[in-house]
Amino acid sequence: MSDDNNPNWFIRLLKAMLFSPLNSLAILALLYFGFQAYVLGNSPWLNKMYMLGVVALWAFLFLAKNLLKLILILLLAAILFYGYYTYSRRDITACEESGGTWNSQTEQCEAPRTWLDKLKEIWQKSTSAD
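Source: prediction; values computed, not measured. (Residues numbered from 1 in each chain as written. Predicted model: local features only at pLDDT ≥ 70, side-chain atom pairs only at ≥ 80, totals over all residues. Heavy atoms only, no water.)

Draft legend 1. Highlighting the overall build of the chain. Scanning the chain from terminus to terminus reveals five helices and two strands. Element order for the chain, N to C, with α for helix and β for strand: α-α-α-α-β-β-α. Since a compact globule built from 130 residues should have a radius of gyration of about 14 Å, the 33 Å found for the chain marks it as more spread out than a globular shape. In terms of its C-alpha atoms, the chain occupies a principal-axis envelope of roughly 95 × 35 × 35 Å. The proportion of buried residues among the 130 residues of the chain is 14%. Pairs at least 24 apart in sequence give 19% of the contacts found in the chain among residues at least 6 apart. Total accessible area computed for the chain in this model is approximately 11,400 Å², and 68% of it derives from carbon and sulfur atoms. Counting 11 positive and 10 negative side-chain charges, the chain places the centres of these two groups 15 Å from one another. (Helix = DSSP H or I, 4+ residues; strand = E, 2+ residues; numbered from the N terminus. Rg over C-alpha atoms; globule rule 2.2 N^0.38 Å. Buried < 20%, exposed > 50% of the residue type's maximum accessible area, 1.4 Å probe, protein only. Contact = heavy atoms within 4.5 Å. Areas by Shrake-Rupley, 256 points an atom, 1.4 Å probe, with all protein chains shown as cover. Lys, Arg positive; Asp, Glu negative; His and termini not counted. Charge placed at Lys NZ, Arg CZ, Asp CG, Glu CD.)

What follows is the structure, given as structure tokens:
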């Protein structure tokens, strides 16, 4: 693989900064507070907390910006799942709506059986096994 098609991280960072003023402000604030804390040593604990606050605010803005997209994607996925579920159970639903019962072993619609019919079937199975 050649690296000519994939620009390095610094070029990508500069492009992101040029196209988004929020990213530019966040990166500049991080650089400023990082310089104060690590290079100059001016109240490093406080400047590190400022850096943490900038990162938290940046993450919140990123989530808020993309929250609508996430909600729409999840809604679309739910609609597709419900549609597939309804389509795959269309025979069972039609059988139950017509008053029958669905036999999952034979995958056929059967007339509803009373408890007396079920008892007779159990009795016939037990007597035929002997």
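Draft legend 2. Spotlight on the nonpolar core. The biggest cluster of nonpolar side chains holds five residues, and these are Ala26, Leu30, Phe33, Met51 and Val54. Looking at this core, the elements that each hand over two or more residues are α2 (21–40) and α3 (44–88). For this core, the leading source of residues is α2, giving three residues. If we skip the residues at most four places from it in the chain, Leu30 touches Met51, Val54, Val55 and Trp58. (Core = buried A, V, L, I, M, F, W, Y, C linked by side-chain atoms within 4.5 Å.)

Draft legend 3. Representation of the confidence of the model for the chain within the structure. Chain-level statistics for the chain give a pLDDT mean of 86 and a share of 92% at 70 or above. Ranking the elements of the chain by mean pLDDT puts helix α1 (residues 9–19) last with 75 and α3 first with 92. (pLDDT = per-residue confidence, 0-100.)

Draft legend 4. Molecular detail of unusual backbone geometry. Positioned with a positive phi, Ser43 is a non-glycine residue whose angle comes to about 35°. Of note, Ser43 is situated in the loop between α2 and α3. Judged by relative accessible area, Ser43 falls into the partly exposed class, the value being 42%.

Draft legend 5. How the structure looks around α2. The terminal C-alpha atoms of α2 lie 27 Å apart, and with 20 residues this matches the ideal 28 Å at 1.5 Å per residue to within 8%. Of all the bends in α2, the greatest measures close to 25° and is centred on Gly34. (Expected span 1.5 Å × (residues − 1). Bend = angle between axes of the 7 residues up to and from the residue.)

Draft legend 6. Looking closely at the pattern of salt bridges. Taken as a whole and judged by the stated rule, the model has one salt bridge. Across the pair Glu121 and Lys125 runs a salt bridge, and its minimum N-O distance is 3.5 Å. Here Lys125 and Glu121 lie together in helix α5 (residues 115–129), a separation of four residues that amounts to about one turn. (Salt bridge = Lys/Arg side-chain N within 4 Å of Asp/Glu carboxyl O.)

Draft legend 7. Summary view of a nonpolar patch on the surface. On the surface, Trp45, Leu46, Met49, Tyr50 and Leu52 cluster together into a nonpolar patch covering about 550 Å² of accessible area. Note that Met49 resides in helix α3. When its relative accessible area of 37% is taken as the criterion, Met49 is described as partly exposed. (Patch = residues over 30% accessible without salt bridge, like charges linked within 9 Å, V, L, I, M, F, W, Y side chains within 5 Å.)

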